[in-house]
Amino acid sequence: MKQYDFKAADYCVSGLRGFTLNEALRFWKAKFETIKHFRRDVITHTLLEEFGDFVSEIWDSIDPITVQEALAEKNTERRRVMFDCIGVARLFKELEPELLDRQVLRKSRTRWDSSNKLYVHSFEDTYELYRLDGNKLFEPLNKWSRANPVYAVRCWCTTTNREYWIYVPETIALNVPEWRRSEGKPDAIRAIAWTIRLDIMNPKRIFRQGDIIVAEESMDSYEVEPYHLNKEQYLNLLFSET
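Residues numbered from 1 in each chain as written. Predicted model: local features only at pLDDT ≥ 70, side-chain atom pairs only at ≥ 80, totals over all residues. Heavy atoms only, no water.

### Let's talk about the packing of helix H1 (residues 21–31) against helix H5 (residues 76–94)
How we decide: Orientation is described by lines fitted to C-alpha atoms, with helices fitted over the stretch in contact, and by angles between N-to-C directions that extend from 0 to 180 degrees. In this description a helix means any DSSP run of H or I spanning at least four residues, a strand means any run of E spanning at least two, and both kinds are numbered starting from the N terminus. For classification purposes, an angle smaller than 35 degrees is called roughly parallel, one larger than 145 roughly antiparallel, one from 65 to 115 roughly perpendicular, and anything else oblique. In this analysis, two residues are considered to be in contact whenever any of their non-hydrogen atoms come within 4.5 Å of each other. Classification convention: Asp, Glu, Lys, Arg as charged; Ala, Val, Leu, Ile, Met, Phe, Trp, Tyr, Cys, Pro as nonpolar; all other residues, Gly among them, as polar.
One way to put it is that H1 packs onto H5 with a least axis distance of 8 Å and a crossing angle of 25°. Taken together, the axes of H1 and H5 are roughly parallel relative to one another. In this structure, H1 contributes Glu23, Phe27, Ala30 and Lys31 to the contact, and H5 contributes Arg78, Val81, Met82, Asp84, Cys85 and Arg90. Split by residue class, the contact of H1 with H5 holds five nonpolar, no polar and five charged.

Given below as structure tokens:
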């Protein structure tokens, strides 16, 4: 049976069509940590298995796109896709962001051992809030304007110590409207709290395992549209973090 000519196809990456095979492969290599992650998120139908096998064979030889290539791209939509594939972590690491706030929390959290017995684990948890000059990412509209800055909170997994960078909007990073950014006070804890969303009010406590958030209901809880936690809720409601 003759193999499909993958080079002749048109590819869609991050919702945008029109990429060649080579472009798509380099974008995907930047986006996915491993071929396993690629197959999980892209090879979503049995009809794509042949393509998945093809990519698996050449995965180690693919060169991912670079931040420099993304910055040199003039097409706005293509640049958006490139930034999406590169990710917040690489962008902030390579483009020298400004550290706005760093806070270290000393926590005591409930955990369970291999016998399912409760114990208290004490540790330090560090959060950093950064600002990246928007002109490093986007072309200003004219010579008198400046592109809006971009903000991200940097944190570490409390069990694996793996580093994460998570985008946060300017209004959260500075706690003021955009037009008052010069008056804003950066707060890394407020920023990380915003990244957690719940769909019940008045939870009794919150359990976090990796990226999974579980809120335990109280007698006063009721369902609402998903909302972001504030700083006080983050500090007071988290019961277990693993």
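### Observations regarding the environment of Tyr234
Stated formally: For every residue, the accessible area obtained with a 1.4 Å probe (protein chains only) is divided by the maximum for its type, and the residue is called buried under 20%, exposed over 50%, and partly exposed between those limits.
Its place among the elements puts Tyr234 in helix H8 (residues 231–237). Residue Tyr234 is classed as buried on the basis of its relative accessible area, which comes to 4%. Sequence spacing of Tyr234 and Trp194 is 40 residues, and the spatial spacing of their C-alpha atoms is 8.8 Å. Contacts of Tyr234, omitting those with residues within four sequence positions, involve Leu105, Lys107, Tyr127, Ile189, Ile192, Ala193, Ile196, Leu229 and Glu241.

### Remarks on the side chain of Asp125
Formally: Whenever a nitrogen or oxygen atom comes within 3.5 Å of another N or O atom, the pair is scored as a polar contact, on the condition that within protein one atom can donate a hydrogen and the other can accept it, and that pairs from neighbouring residues in sequence are kept only if both atoms are in side chains.
When you line up the elements, Asp125 lands in strand E4 (residues 118–132). Among the polar contacts made by the side chain of Asp125, one reaches the side chain of Lys107 at a distance of 2.7 Å. In terms of polar contacts, Asp125 uses its side chain to reach the side chain of Tyr127, at 2.6 Å. Excluding residues that lie within four positions of it along the chain, Asp125 makes contacts with Gln103, Val104, Leu105, Lys107, Trp156, Thr158 and Glu241.

### Let's talk about unusual backbone geometry
A positive phi angle, near 65°, is found at Asn116, a position not held by glycine. Looking at where Asn116 falls in the secondary structure, it is placed in the loop between strand E3 (98–112) and E4. For Asn116, a relative accessible area of 60% puts it in the exposed group. With a phi angle near 55°, Asn202 is a residue other than glycine that sits in the positive phi range.

### Re the sheet that holds strand E11 (residues 238–241)
For clarity, the cut-off: Note on pairing: DSSP must find at least two bridges between two strands before they are called paired.
Pairing is mixed across the open sheet formed by three strands, whose spatial order is E9-E8-E11. One side of each edge strand has no neighbouring strand; the edge strands of this open sheet are strand E9 (212–216) and E11. Within the sheet, the average angular offset between the axes of one strand and its neighbour, ignoring direction, is 20°.

### So, the packing of aromatic side chains
Quick reminder of the rule: In this scheme Phe, Tyr and Trp rings, the latter by its six-membered ring, pair at centre separations within 6.5 Å, and the angle between planes marks the pair as stacked below 30 degrees, edge-to-face above 60, and tilted otherwise. We call a charge positioned over a ring when the NZ of a Lys or the CZ of an Arg lies within 6 Å of the ring centre and within 35 degrees of the ring normal.
Using the criterion set out here, one finds 15 aromatic pairs in the structure. With 6.1 Å between their ring centres and 85° between their planes, Tyr127 and Tyr234 make a pair best called edge-to-face. In this pair, Tyr127 sits in strand E4 while Tyr234 sits in helix H8, placing the two residues 107 residues apart along the sequence. Both residues of the pair, Tyr127 and Tyr234, belong to the buried class. Through a chain of ring-to-ring contacts, three or more aromatic side chains come together here, namely Phe6, Tyr11, Trp28, Phe32, Phe38, Phe51, Phe54 and Trp59. When the ring centre of Phe239 is taken as reference, the NZ or CZ atom of Arg205 above it lies at 4.1 Å.

### Some details on the confidence of the model for the protein
Inclusion rule: In predicted models, pLDDT denotes the confidence assigned by the predictor to each residue on a 0 to 100 scale.
Looking at the protein, the pLDDT average stands at 88 and 93% of residues meet or exceed 70. Of all secondary-structure elements in the protein, the lowest mean pLDDT belongs to E11, at 85, while H1 reaches the highest, 96.

### Structural notes on the side chain of Arg109
Relative to the helices and strands, Arg109 is located in strand E3. When its relative accessible area of 10% is taken as the criterion, Arg109 is described as buried. One polar contact links Arg109 to Glu241, side chain to side chain, over a distance of 2.8 Å. Those residues within four positions of Arg109 in sequence are excluded, and the remaining contacts are Tyr119, Val120, His121, Phe123, Leu238, Phe239, Ser240 and Glu241.

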